[in-house]
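Survey of secondary and tertiary structure
Letter by letter, the chains look like this.
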Amino acid sequence: RVAATAVSMSDSEIPSGVALRLPPHSKKRLLRYGPVILWAALIFIFSSGLFSGSNTSTIVRPLVQWVFPSISEGGLAFVHGLIRKAGHFVEYAILAVLAARAFRTPARDFLRNHWFAVTLTFVAVYALSDEFHQSFVSSRTASIYDCLIDTAGGLVVLTVISYRYKRNRRAY
């Protein structure tokens, strides 16, 4: 009902700037969770056919051949696969950093106190959903091994964050 009222109101009836203003807690929430949502959307785009192995090989193969001119076809395929798997690891490590930042600072005690487990669960579930999405893209294949690599990327970076967080807390 409120939305219908706002739509039917003319510009002169809406106080200047009210529609664009967010309450302070909403701004903080947007700054906390916005980067997570944007990075998750970017991962979704990376899961499209545009970033399939055949498409990325047009960039990776010439680069690898330039660096290693005498590389065999098998070696080239191995390096290309390794770069793609490293991409999985890194993109989910970044997701974990952004999610940990969001989950370590909210007003909710549960998230703040259990940020490590909540973040790792989020990363693992998003990795599973990403592979599920890839199962519908004809030029991509879904793999549980990719989910494990994705989750490992999140786990490694969360372990480093947790260690540094605990070390810094002991210093004070």
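These remarks concern the structure in this document. (Residues numbered from 1 in each chain as written. Predicted model: local features only at pLDDT ≥ 70, side-chain atom pairs only at ≥ 80, totals over all residues. Heavy atoms only, no water.)

1. Comments concerning the packing of aromatic side chains
Rules: Put simply, two rings from Phe, Tyr or Trp (the six-membered ring, in Trp's case) pair if the centres are within 6.5 Å, and we call them stacked under 30 degrees between planes, edge-to-face over 60, tilted for the rest. In this scheme, a residue with accessible area under 20% of its type's maximum is buried, one over 50% is exposed, and one in between is partly exposed, where area comes from a 1.4 Å probe on protein chains only.
Counted by the stated rule, this structure contains eight aromatic pairs. An angle of 65 degrees between the planes, with centres 5.8 Å apart, marks the rings of W115 and F116 as edge-to-face. Here F116 falls in the partly exposed class, since its relative accessible area comes to 26%. Between the aromatic rings of F132 and F136, the centroid separation amounts to 4.9 Å while the plane-to-plane angle is 85 degrees, which identifies the pairing as edge-to-face.

2. A word on the environment of L38
Heads up, the condition is: What counts as a helix is a DSSP run of H or I of at least four residues, what counts as a strand is a run of E of at least two, and both are numbered from the N terminus.
Tracing the backbone shows L38 in helix α2 (residues 24-46). Measuring from C-alpha to C-alpha, the distance between L38 and L95 comes to 9.7 Å, with 57 residues separating the pair along the chain.

3. Side note on the pattern of salt bridges
Using the following cut-off: Criterion for a salt bridge: a side-chain nitrogen of Lys or Arg within 4 Å of a carboxyl oxygen of Asp or Glu.
A complete count under the given rule lists three salt bridges for this structure. The partner of K85 in a salt bridge is D146, with the nearest N and O atoms 2.6 Å apart. Taken together, the residues K85 in helix α4 (residues 73-103) and D146 in helix α7 (residues 144-171) connect sequence positions 61 residues apart. Assessed through its relative accessible area of 35%, K85 is described here as partly exposed.

4. Notes on the nonpolar core
Applied cut-off: In plain words, nonpolar cores are sets of buried Ala, Val, Leu, Ile, Met, Phe, Trp, Tyr and Cys residues tied together by side-chain atoms within 4.5 Å. Pairs of residues are marked as contacts when any of their non-hydrogen atoms sit within 4.5 Å.
Core analysis: the biggest nonpolar cluster contains 22 residues, and V36, I43, Y92, L95, F103, W115 and Y126 have the highest contact counts within it. Those elements giving two or more residues to this core turn out to be α2, α4, α6 (115-134) and α7. Sort the elements by how many residues they give to this core and α4 lands first, with nine residues. Setting aside residues up to four positions removed in sequence, F103 forms contacts with Y33, L111, R112, W115, V118, T119 and F122.

5. Considering the packing of α4 against α6
As a reminder of what qualifies: Angles run from 0 to 180 degrees between N-to-C directions of axes, and those axes are lines fitted to C-alpha atoms, restricted for helices to the stretch in contact. Here the angle decides the label: under 35 degrees means roughly parallel, over 145 means roughly antiparallel, 65 to 115 means roughly perpendicular, and every other value means oblique. Take the far helix as the reference: if the near one is turned anticlockwise from it by less than a right angle, the crossing is left-handed, and if turned clockwise, right-handed. Residue polarity is assigned by list, with Asp, Glu, Lys and Arg as charged and Ala, Val, Leu, Ile, Met, Phe, Trp, Tyr, Cys and Pro as nonpolar; anything else, Gly included, falls into the polar class.
It is the contact of α4 with α6, at a shortest axis distance of 9 Å, that shows an interaxial angle of 140 degrees. Classified by the angle their axes make, α4 and α6 are oblique. At the point where α4 passes α6, the crossing takes the right-handed sense. From α4, H88, Y92, L95, A96, A99, A100 and F103 reach across to α6, where they touch W115, V118, T119, F122, V123, Y126, A127, D130, E131 and Q134. Of the residues in the contact of α4 with α6, the class split is 12 nonpolar, three polar and two charged.

From the geometry alone we can't say anything about function, so treat these as descriptive.
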